[in-house]
Amino acid sequence: MPDYAYVARDMRGQRKTGVLTANSQRDVLSMLDGMSLMPVEITLAKGSGDARSKRVSGQVMANAYNQLASLLRSGVPLMRALTVMSSQASKPALKAVLVEIKSKVEEGEPLPVAMARFPRVFNDMAVNMVRAGTEGGFLEDALERVAAFTEQQEDMKGRAAGALAYPVFLGCVGTAVVTVLIIFFVPKFEPLFATLREKGQLPAATDMLLAFSAFLQNYWWLLIATICIGLFSAVSFLRTDKGKYWLDWAKIKFPLFGSIFLSLAVARFCRVLGTLLNNGVPILRSLEISRAAAGNRILSASIKKASENITAGEKLATPLAASGHFPNQVVEMISVAEESNSLDRVMIQISDSLERTTFRRMDMLVRLLEPMMLLLMAGVVFFIVLALMVPLLNSSGAV
């Protein structure tokens with residue numbers, strides 16, 4: 001939540017100033033009313049909005065987590081560690097964030113609460129892991145685990161971006177070539193096909209291609225406007241809670257790649273849960289933290305339901321299997337682990353196995369995109385050429 005600086009008057013008319021943390025200015029007004037203060041001016045505290053709007057790259061954050069863990073493991077107090085890191089931070093964005101976190105911790109705020117003020121820098125998984133580490137007394141291990149997660153995610157993003165670079169390039173070039181053909185090349189055949197159209201001998205594919213070419217020539221602005229409005233509407237919708245829920249559902253249901261998204265979310269859940277259980281965190285608290293670390297609202301809802309069943313005395317594997325979002329092999333391993341009281345170790349093994357399998361599958365699918373793009377472009381160009389050549393061949397045959 002942001003900080004708001006206020007100027008107000010008390011019941012005797014004396015001027016009062018201060019800073020309040022709230023979700024909005026409306027909440028600040030309510031808080032001032034409860035303090036019997038008459039607001040004069042309310043503004044966003046200096047540096048509050050600036051720091052919260054900053055983004056820091058994943059690799060920089062992974063290094064920061066590792067550095068903080070090393071300092072704490074060496075016996076350096078938390079405040080001293082934050083001071084050292086803020087003074088040595090090479091990125092201005094990270095330096096601003098660390099300075100404000102240090103200030104909040106000095107005021108008595110817990111570290112995870114201070115981190116939660118910067119959702120664009122610290123994701124839910126990092127905040128929850130640090131919260132668990134603070135409560136369970138294994139903050140150094142939690143920070144190292146968060147660093148490992150972050151590095152792994154950055155590596156996966158880099159591999160995916162590198163693999164997708166060439167297919168995306170092919171798609172852009174192919175779209176440009178097809179657009180030029182349809183707008184500038186196809187219309188030149190319009191006079192040649194006028195007689196065939198009058199006789200009703202023009203093939204449907206050719207007629208459709210000429211109509212589409214005419215539409216692009218005359219109403220290209222309408223197409224661009226429609227695309228822009230559609231993109232704006234989609235982005236606005238995906239920023240809402242309903243949109244985010246729908247996006248998480250679409251990720252795990254998307255053909256081919258849906259199983260990859262689901263497997264990665266299950267792997268994150270298993271690794272965080274195993275790590276927390278291994279460090280002595282109770283099962284219910286571990287489930288609460290790990291379901292937020294899964295990064296998928298659909299999966300999180302299934303895990304929440306499983307937590308409720310555990311409270312009622314049931315096993316973890318049963319509600320997870322009933323959700324339909326966990327692979328049968330994973331559910332069976334969890335069931336065996338619960339019987340043998342080795343859930344912490346088995347969950348990490350499940351995560352390692354899922355990640356290896358998922359990465360291999362992802363590499364294979366990404367490599368298939370290149371020939372698929374080539375085939376798609378070849379098909380479109382072949383359709384254009386065929387739609388133009390068939391009437392000409394028919395005309396020459398008739399002659």
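To keep things clear, this report deals only with the structure shown in the data block. Quick caveat, the model's predicted, so the values are computed rather than measured.

Each value, and the rule that gives it
Residues numbered from 1 in each chain as written. Predicted model: local features only at pLDDT ≥ 70, side-chain atom pairs only at ≥ 80, totals over all residues. Heavy atoms only, no water. Axes fitted to C-alpha atoms, helices over the stretch in contact; angles between N-to-C directions. Helix = DSSP H or I, 4+ residues; strand = E, 2+ residues; numbered from the N terminus. Parallel < 35°, antiparallel > 145°, perpendicular 65-115°, else oblique. Contact = heavy atoms within 4.5 Å. Nonpolar A, V, L, I, M, F, W, Y, C, P; charged D, E, K, R; others polar. 1 Å grid on protein atoms, 1.4 Å probe; cavity = no way out; pocket = protein on both sides within 12 Å on 5 of 7 lines; lining within 4 Å. Points joined across faces, edges and corners; volume = space filled by probe spheres on them. Buried < 20%, exposed > 50% of the residue type's maximum accessible area, 1.4 Å probe, protein only. Polar contact = N/O pair within 3.5 Å; in protein donor to acceptor, adjacent residues only side chain to side chain. Phe/Tyr/Trp six-rings, centres within 6.5 Å; stacked < 30°, edge-to-face > 60°.

So, about the packing of helix α13 (residues 283-293) against helix α14 (residues 297-311). Any two packed helices are characterised by the angle at which their axes cross and by the distance between the axes. Contact geometry of α13 with α14 gives a least axis separation of 9 Å together with a crossing angle of 170°. Looking at the two axes, α13 sits roughly antiparallel to α14. Along the contact surface, α13 presents I283, L284, L287 and R291, while α14 presents S300, I303, K304, S307, I310 and T311. Split by residue class, the contact of α13 with α14 holds five nonpolar, three polar and two charged.

A word on empty space enclosed by the protein. To find leftover empty space, a probe the size of one water molecule is rolled over the atoms. Scanning the entire structure with this criterion turns up two cavities of 30 Å³ or more. For the largest cavity, the calculated volume is near 130 Å³. Lining the largest cavity are 13 residues, with Q152, Q153, L264, R268 and E355 positioned closest to its centre. At the level of secondary structure, the elements contributing two or more residues to the lining of the largest cavity comprise α8 (139-185), α12 (258-278) and α17 (343-398). With five residues, α12 is the largest single contributor of residues to the lining of the largest cavity. Looking at the lining of the largest cavity, its residues break down into eight nonpolar, two polar and three charged. In this structure, the second largest cavity spans a volume of roughly 100 Å³. Counting residues per element, the ones that place at least two in the lining of the second largest cavity are α3 (58-73), α4 (78-88), α5 (92-106) and α6 (111-115). Element by element, the count of residues in the lining of the second largest cavity is highest for α3, at four residues. Among the residues forming the lining of the second largest cavity, the class breakdown is 13 nonpolar, no polar and no charged.

Moving on: the environment of L32. Of note, L32 is situated in helix α1 (residues 25-34). Residues L32 and V380 lie 348 residues apart in sequence; the distance between their C-alpha atoms is 65 Å. With sequence-adjacent residues up to four places away left out, L32 is seen in contact with Y6, L20, L37, P39 and I42.

On the secondary structure map, H325 appears in the loop between α15 (317-323) and α16 (328-340). Here H325 falls in the buried class, since its relative accessible area comes to 15%. Only 3.1 Å separates the side chain of H325 from the side chain of S302, close enough to count as a polar contact. Look past the residues within four positions of H325 in its chain and what remains in contact with it is I252, L262, V266, I298, L299 and S302.

Let us now look at the packing of aromatic side chains. According to the stated counting rule, one finds six aromatic pairs in the structure shown. Ring geometry for F185 against F189: centres 5.3 Å apart, planes inclined by 70°, an arrangement best described as edge-to-face. What makes F185 partly exposed here is its relative accessible area of 38%. The buried category is assigned to F189, whose relative accessible area is 15%. Note on F189 and F193: the rings are 6.0 Å apart at their centroids and 20° apart in plane angle, and the pair reads as stacked.

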